[in-house]
Amino acid sequence: MREVADAIRLLYARGLTQLRGGNVSVVDRAAGLVYITPTGVPRHLIREDDVAVVDLGGNVVVGTPSSEVRLHLAIYRSIPDAAAVVHAHPYPVLALYESGASLDLSLSTEASYRVTCVAEVPPLQPGTQELADAAAEALKKGGCNAAVLRRHGIVVYSKAGLYDAVDAAEALNDLASMQLAMKCSRP
């Protein structure tokens, strides 16, 4: 799926993930399929035919899905109107939280328009069912469309589609950068 390949290349180009990190997906609920970035392929080189496909039960249909496939599936199962998921590793967000602060959506019009609220998930091993369940629960319980996965990254889902989720991830990255700059400029 071209949209999945394009979105992960955008995230990499914007510095929101590393060469083999981060992942995105879209769900086709009518077909019961999830289109997700593959594991191991450098993000700037992913093409449409590299995209993996799994069913909502986690069975692989095509390719080798991201190691975070459990995270995506848990969100789609918990939040029936989720249409797309973005998982990225923006270091400004992680730095902000490790400095003792958190994202303040009221400081950015873009972030406040794109993100309902930001849940927080404690540090858990990447790629595990434990992380997947904790993130899905935090999003659902808080009514948020974004969560910070402490010491790991962020996850954002959208009802409107993949580019909307990418836009929200970018807004959180930019907001964190702004907040860190504000912290540094204070006496």
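First, a word on what this report is: a plain description of the structure on this page.

What counts, and at which threshold
Residues numbered from 1 in each chain as written. Predicted model: local features only at pLDDT ≥ 70, side-chain atom pairs only at ≥ 80, totals over all residues. Heavy atoms only, no water. Axes fitted to C-alpha atoms, helices over the stretch in contact; angles between N-to-C directions. Helix = DSSP H or I, 4+ residues; strand = E, 2+ residues; numbered from the N terminus. Left-handed = near helix turned anticlockwise from the far one by under 90°. Contact = heavy atoms within 4.5 Å. Disulfide = S-S within 2.5 Å. Buried < 20%, exposed > 50% of the residue type's maximum accessible area, 1.4 Å probe, protein only. Expected span 1.5 Å × (residues − 1). Core = buried A, V, L, I, M, F, W, Y, C linked by side-chain atoms within 4.5 Å.

Attention now goes to the packing of helix α2 (residues 69-78) against helix α5 (residues 129-142). Orientation of α2 relative to α5, taken along the N-to-C sense of each, is 35°, at an axis distance of 8 Å. You can see that α2 and α5 cross each other, and the crossing is right-handed. Mapping the contact onto sequence places R70, L71, A74, I75 and S78 in α2 and Q129, L131, A132, D133, A135, A136, L139 and K140 in α5.

A word on the environment of V115. Secondary-structure assignment places V115 in the loop between α4 (109-114) and β6 (118-121). Along the backbone, V115 and A147 are 32 residues apart, and their C-alpha atoms lie at a distance of 9.9 Å.

What follows is about the state of the cysteines. Inspection of the entire model under this criterion finds one disulfide. Note on cysteine connectivity: C117 is disulfide-linked to C144, with sulfurs 2.0 Å apart. Between C117 and C144 the sulfur-sulfur dihedral comes to about -105°; the bridge is accordingly left-handed. Note that C117 is positioned in the loop between α4 and β6 and C144 in the loop between α5 and β7 (146-149), a separation of 27 residues in sequence. The exposure class assigned to C117 is partly exposed, which follows from its relative accessible area of 22%. For C144, a relative accessible area of 4% puts it in the buried group.

Looking now at unusual backbone geometry. In terms of backbone geometry, most residues other than glycine have negative phi values and most peptide bonds are trans. In this model, R151 sits at a positive phi of 60°, which is unusual for a non-glycine residue. Take R151: it is sitting in the loop between β7 and β8 (153-158).

The next point concerns α5. Given a rise of 1.5 Å per residue, 14 residues ought to cover 20 Å, and the 20 Å separating the end C-alpha atoms of α5 matches this to within 8%. If you follow the buried residues of α5, they end up packed against α2, β6, β7 and β8. Two residues or fewer after α5 comes G143, characterised by a positive phi angle close to 70°.

All right, on to the nonpolar core then. In terms of nonpolar packing, the biggest core is built from 33 residues, with V24, V86, L103, I154, V156, L162 and L172 touching the most fellow members. In terms of residue count, the dominant contributor to this core is helix α6 (residues 162-185) (nine residues). Ignoring anything within four residues of it in the chain, the contact list for L172 reads V93, L103, L105, V115, V118, A146, I154 and V156. If you look at the next biggest cluster of nonpolar residues, it comprises 27 residues, including I36, L73, A82 and V121.

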